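Per-entry structural report
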There are 2 protein chains.
Amino acid sequence: MPADIAGAKAALSHLDIEEKEVAIKAASRDFFWYSPVLKDRLDHVVADFVVRPRNEAEVIEILKVCYAHDVPVTTRGAGTGNYGQAMPLEGGCVMHLRHMDKVKEIHPGRVICEPGVLLKDLDAATKEHSGQELRMFSSTWATATIGGFIAGGSGGVGSCTWGSLRDLGNIIRLRVVTMEEEPRIVEFTGEELARVSHAYGTNGIITEVEMPLAPAYDWVEMFVATDDFMDAARFAEALANQDGILIKLATVFEAPIAKDYFQRVAPYVEADTNLIGLMVAPQSMDGFLTFLGRRPEARLIYRNDDFDWARTPGPVFEYGWNHTTLRALKVDPSITYLQVRYGYPNHLDLIEKMRNELSPEVLQHLEVLREGGKVIFAGLSLVKFTTEERLDEIIRLHEEAGAMIFNPHRYTLEEGGRQTVDDRQLRFKKEADPKGLLNPGKMIAWDDPDWDYSRMYAYPKLQAAE
Amino acid sequence: MPADIAGAKAALSHLDIEEKEVAIKAASRDFFWYSPVLKDRLDHVVADFVVRPRNEAEVIEILKVCYAHDVPVTTRGAGTGNYGQAMPLEGGCVMHLRHMDKVKEIHPGRVICEPGVLLKDLDAATKEHSGQELRMFSSTWATATIGGFIAGGSGGVGSCTWGSLRDLGNIIRLRVVTMEEEPRIVEFTGEELARVSHAYGTNGIITEVEMPLAPAYDWVEMFVATDDFMDAARFAEALANQDGILIKLATVFEAPIAKDYFQRVAPYVEADTNLIGLMVAPQSMDGFLTFLGRRPEARLIYRNDDFDWARTPGPVFEYGWNHTTLRALKVDPSITYLQVRYGYPNHLDLIEKMRNELSPEVLQHLEVLREGGKVIFAGLSLVKFTTEERLDEIIRLHEEAGAMIFNPHRYTLEEGGRQTVDDRQLRFKKEADPKGLLNPGKMIAWDDPDWDYSRMYAYPKLQAAE
Ligand SMILES: Cc1cc2nc3c(=O)[nH]c(=O)nc-3n(C[C@H](O)[C@H](O)[C@H](O)COP(=O)(O)OP(=O)(O)OC[C@H]3O[C@@H](n4cnc5c(N)ncnc54)[C@H](O)[C@@H]3O)c2cc1C
Ligand SMILES: Cc1cc2nc3c(=O)[nH]c(=O)nc-3n(C[C@H](O)[C@H](O)[C@H](O)COP(=O)(O)OP(=O)(O)OC[C@H]3O[C@@H](n4cnc5c(N)ncnc54)[C@H](O)[C@@H]3O)c2cc1C
């Protein structure tokens, strides 16, 4: 059935509906434009209308009405996702959760809240309440929502200690509304969490989350410099392997990233300076400085609690994770990026190999990550973009060497992931979204079960560019 | 110069001096008798007098007076050490720190206190103040002091997450008094901490400690059972490698330890049941139960927040670390133990090999430990003692297989450690204890620099048995 947009809008007119065209356009976009590939394909995508529910009852109402009128619904937290995750490929309704920002309960080690609360506001509430904070956050902490992080993100600042969002224990409970004739409310824990976490809102809308907390400290943020790149990588790895030193971030930037793209750092480094960004717990600073003292190859050039730089560089984590790409893009619009997994135990060798083959076309940006109890690296490499063909070749070179790629130049779950169908997500979609109206075009397994991944998937119902 | 005991006692008579013979005898002993080897050699050891300083000024006075009168001083926390660490081999003064139990300052992530406070009381104070607790504690938590833990211990409950006491960051600062004509006060941080931590009080007396804290949770204590021993070991390792599940203890007991030695557990297990003791953070229980559900070979038989056993087994950690030995000894006095390091990455293979060779003469008791960022096992194996020769042979079999032994049947630092001189400790002893009066007989490097470790060291000035 074709979508009855007018009918749905009319039925929802008593809710907070956005009417202004520029606002609708803005609420239909995310950070897809980090990818030249996606920029080409998705730039024109726009919703028919935007609605902002105030509570779960309104979410249910919206889903019910849109179901009745065959209107696709794409959920939006803050729209800071990178792969067009939050973009309504077919148009329809964008459901924006900004009003659903209540922090409901805080206990030792956990918090219960609505999905639309900003990571920063959630941390402020738990810190104020009992000196606690999220175990990990996206580097878009200041602007992103917890619901968007769970439905679209993977990990971030804190993952060097706690692993990824998908690891057991990093999400406690999700409350989810389905898109059926009569929407149901379901509570997921344990094995069930994988149905809807990192599912881009394709099979249910998260209306409440319960997350574990860690103690909030006044993290000491630092930059450490080395002349040799592998020294920087080894430094970050060795630090993360210090069991008694508590860290929240360890990021490695190949030269000349710091000099070329980090404006406020540039005066204090050379073009051949490799940089390490760190967050260390204050009670671990004595241990950290002892560790540093054993490594004459590394120089502490900045710490946020004691520095003489003319201007503060701002939070160090806003240089890491995908903020590195953002800073590079601002200076050189031809930059894009790749997401690489350098797994244990060959991670350092693999990094060295890829760098030898591809630098400076591909510059190494590494994030320390825990995976299966081991310290490994996630690469968010900066790529000097030339053509889509060359980008694909660079990806192939990584894969051939044994470095797994999570392709950020694709808008489907499968292509951005392990290129395999997630059965748990697909099965739940069949139950929870029988008409396939939730964030359409993002799950290949739903649209085209026999797809063979030999080329980039193109959603047949993608809006046509004007 | 011979010790002038009477002169020292007279000069210290205004302090809290213990006069009763049985009390002096009691304060001259520790848990050395876990070792039949040490029991034979040290049972008669007794101090000439015991003095209990109330503050640092009195510590200084005692050291000064004993220095002037050439009286050896052996410091005592609570005397729960295992290797005669706290025993005055030459007699002289035992300085008992029980009065020095003040908790001075508590901050986010750290605490400053006197050395004589019990671990349990320290945790109670930091928990009450701000929901914090020590990162790790000896399983003698209820009776041991923080000073004794630092000067004599190595790690314990919490080391599965935080590593060992010697790891950078696990001690922040130690304030130390030397034994010279004019005792000096020195503050140690960073590299200097290794001079006096785990030095048995041979080169300075710790009068103040600053330790890192972790959040205090209402840990869920559990017993999990398996039929196959290696399944239990793999379970504990895999759990510790779950980055998102916060644990404080993971202990593995080979059958029939649980049936034979754990009275209150025995009714619920069989002779061939292998047991795993666990402490898991409450916010991690959903993750833990999910993990457990994936392992049908493991059965949850007890959790302290929900059980139907006739009697509570008490704290699960009081089954682990060296409490396992204690429980076995109570049932079978011929049991003793070994301390083994099963290092990464061969730990599991090595454990299986040693078990195949030596069980049931040697029963596996394993503690999950972090070392250099990796999950490994510390073994506190239960040994059915026959002769000293056979015990030495069992040690040799471990060493030949590549499992390092920390011999608990020796009273010197070197023999209980890596059989090498700790230069940092020796050098500081030369400065801080020029007459060699602090806990004499415990540092071979001081007494006999050319000792070759081919046989057990026998301190020449050890009191003669009557
Ligand atoms: C500069 C920059 C840095 C970044 N750094 C990181 C990083 O460190 N780690 C990381 O993981 N990501 C990172 N990202 C990606 C993104 O910012 C994060 O994943 C962020 O947490 C998304 O939150 P959001 O509120 O903006 O979500 P949105 O972009 O609004 O949504 C993300 C996805 O979740 C779905 N969704 C949102 N809310 C719900 C809900 N309640 N129920 C169901 N589905 C929902 C959306 O439909 C969409 O598919 C970065 C992006 C940028 C631009
Ligand atoms: C059943 C049992 C279980 C145990 N479990 C563990 C365990 O899990 N982990 C572990 O590490 N150990 C363990 N131990 C050993 C011991 O209990 C601990 O190391 C404990 O922390 C020692 O504290 P204490 O106050 O009893 O020290 P004591 O035995 O009094 O002293 C230990 C050593 O430190 C010196 N010392 C004490 N105070 C000072 C000071 N202020 N300055 C300088 N030197 C000082 C003493 O001279 C002595 O050499 C166990 C022992 C038993 C009997």
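This is a predicted model, so every value here is computed, not measured. Along each chain, residues carry numbers from 1 onward, in the same order as the chain's sequence is written. Whichever chain is written first is A, and whichever ligand is written first is 1; the rest continue in order. Totals for whole chains, interfaces and linings use every residue, but because this is a predicted model, local features are given only for residues with pLDDT of at least 70 and side-chain atom pairs only at 80 or more, for both listing and counting. By convention in this description, side-chain values take in all heavy atoms of the structure and omit both hydrogens and water.

1. Some details on the site of ligand 1
Residue and element names in this part refer to chain A.
- Note on terminology: near, applied to a residue and a molecule or strand, indicates that one of the residue's heavy atoms is within 4 Å of it. In the vicinity of ligand 1 lie 37 residues, with Thr 75, Gly 77, Thr 80, Thr 145 and Gly 155 positioned nearest.
- Here a polar contact is recorded for every N or O atom pair within 3.5 Å, except that within protein the pair must consist of a potential hydrogen donor and a potential acceptor, and residues adjacent in sequence are included only if both atoms are side-chain atoms. The separation between an oxygen atom of ligand 1 and a polar side-chain atom of Thr 145 is 2.6 Å.
- Here, Shrake-Rupley sampling with a 1.4 Å probe gives the accessible areas, and only protein chains in the shown set may cover a residue. Summarising the interface, the protein chains cover 97% of the accessible area of ligand 1, which totals 970 Å² for the free molecule.
- Of all the elements in the fold, those that place two or more residues in the shell around ligand 1 are strand S3 (73-76), helix H6 (146-152), strand S10 (205-215) and helix H11 (322-331). Helix and strand definitions follow DSSP, with helices as H or I runs of at least four residues and strands as E runs of at least two, each counted in order from the N terminus.

2. A look at the relation of the copies chain B and chain A
- Copies overlap after least-squares fitting; the atoms used are the C-alpha atoms of residues with pLDDT of at least 70 in both. For the pair chain B and chain A, the superposition axis carries a translation of 0.0 Å, the fit reaches an RMSD of 0.0 Å, and the rotation angle comes to 180°. Taken together, the rotation and translation describe the operation of a two-fold axis.
- Of the residues that chain B buries at the interface, 100% are likewise interface residues in chain A, meaning the two copies contact each other through the same surface. The contact definition used throughout considers only heavy atoms, calling two residues in contact when any of these lie within 4.5 Å.

3. Re the UniProt feature "domain: FAD-binding PCMH-type" (unreviewed entry) in chain A
- UniProt positions are given in the numbering used here, feature names are shortened, and annotations may be inferred rather than shown by experiment. UniProt feature "domain: FAD-binding PCMH-type" (unreviewed entry): in the numbering of this structure it lies at residues 42-216 of chain A.
- Measuring from the first to the last C-alpha atom of residues 42-216 of chain A gives 39 Å, for a span that is 21% helix and 25% strand.

4. A short note on the site of ligand 2
Residue and element names in this part refer to chain B.
- Neighbouring ligand 2 are 37 residues, the closest being Thr 75, Gly 77, Thr 80, Thr 145 and Gly 155.
- Note that an oxygen atom of ligand 2 is positioned 2.9 Å from one of the backbone N or O atoms of Gly 81.
- In the environment of ligand 2, a nitrogen atom lies 3.0 Å from a nitrogen or oxygen atom belonging to the side chain of Ser 139.
- Bound to the protein, ligand 2 loses 97% of the 960 Å² it would expose on its own.
- Going through the elements one at a time, strand S3 (73-76), helix H6 (146-152), strand S10 (205-215) and helix H12 (322-331) are the ones with two or more residues in the shell around ligand 2.
- At five residues, the largest contribution of residues to the shell around ligand 2 is made by H6.
- When the residues that make up the shell around ligand 2 are grouped by side-chain class, the tally is 13 nonpolar, 23 polar and one charged. Three classes are used, and their members are as follows: Ala, Val, Leu, Ile, Met, Phe, Trp, Tyr, Cys and Pro are nonpolar, Asp, Glu, Lys and Arg are charged, and the others, Gly among them, are polar.

5. Regarding the pairing of strand S13 (residues 274-280) of chain B
All names here are of chain B.
- Three labels apply to residues, based on accessible area from a 1.4 Å probe with only protein chains included: buried if under 20% of the type maximum, exposed if over 50%, partly exposed otherwise in between. Of all the seven residues making up S13, seven are buried; the element is thus mostly covered by neighbouring parts of the structure.
- Here S13 shows no split at all, with Asn 274, Ile 276, Leu 278 and Val 280 on one side and Leu 275, Gly 277 and Met 279 on the other all buried.
- Note that strand S11 (residues 220-226) and S13 share seven bridges and pair antiparallel. In the strand pairing of S13, Val 224 is matched with Ile 276.
- The pairing criterion is simple: DSSP has to find at least two bridges between the two strands. Relative to S13, strand S12 (residues 247-253) runs antiparallel, the two sharing six bridges. Bridge pairing in S13 places Thr 251 opposite Gly 277.

6. Section: the pairing of S3 of chain B
Residue and element names in this part refer to chain B.
- Of the two faces of S3, the one holding Val 73 and Thr 75 and the one holding Thr 74 and Arg 76 are both buried throughout.
- Direction of pairing for S3 relative to strand S4 (residues 93-96): parallel, over a ladder of four bridges. Opposite Val 73, over in S4, you have Cys 93 as the bridge partner.

7. Here's the deal with the pattern of salt bridges
- We count a salt bridge whenever a side-chain nitrogen from Lys or Arg sits within 4 Å of a carboxyl oxygen from Asp or Glu. Evaluation of the coordinates by the stated rule reveals 78 salt bridges over all chains.
- As a salt-bridge pair, Glu 187 of chain B and Arg 175 of chain B come within 2.8 Å of each other at their nearest N and O atoms. Note that Glu 187 of chain B is positioned in strand S9 (residues 185-188) and Arg 175 of chain B in strand S8 (residues 173-177), a separation of 12 residues in sequence.
- The partly exposed category is assigned to Glu 187 of chain B, whose relative accessible area is 37%.
- Via salt bridges that share partners, Glu 56, Lys 104, Arg 110, Arg 173, Arg 175, Glu 187, Glu 208 and Glu 210 of chain A belong to a single interconnected network.

8. A look at the packing of aromatic side chains
All names here are of chain A.
- Whether two aromatic rings pair depends on their centres lying within 6.5 Å, for rings of Phe, Tyr and Trp, where Trp uses its six-membered ring; planes under 30 degrees apart make the pair stacked, over 60 edge-to-face, and the rest tilted. As enumerated under the stated definition, the model contains 41 aromatic pairs over all chains in all.
- Taken together, a centroid distance of 6.1 Å and an interplanar angle of 80° make the contact between Tyr 34 and Tyr 337 edge-to-face. Taken together, the residues Tyr 34 in the loop between helix H2 (21-26) and helix H3 (36-42) and Tyr 337 in strand S15 (residues 335-342) connect sequence positions 303 residues apart. Note on accessibility: Tyr 34 and Tyr 337 belong to one class, buried.

9. As for the sheet that holds strand S1 (residues 17-18) of chain A
Residue and element names in this part refer to chain A.
- The strand order across the open sheet built from four strands is S1-S2-S4-S3, with neighbouring strands paired in mixed fashion. On the outer flanks of this sheet lie S1 and S3, each paired with one strand and no other.
- Taken strand by strand, helix H4 (residues 56-68) contacts strand S2 (49-51), S3 and strand S4 (93-96), and its axis lies near 175° from that of S4. A fitted line through C-alpha atoms serves as each axis, taken over the contacting stretch for helices, and the angle formed by two N-to-C directions is quoted from 0 to 180°.

10. Some details on H11 of chain A
Residues and elements named next belong to chain A.
- Buried residues dominate H11, accounting for seven of its 10 residues.
- Restricting attention to buried positions, one finds in H11 the residues Asn 322, His 323, Thr 324, Thr 325, Leu 326, Ala 328 and Leu 329.
- In this structure, the buried residues of H11 make contact with strand S12 (247-253), helix H9 (257-261), S15, strand S17 (365-371) and strand S18 (374-384).

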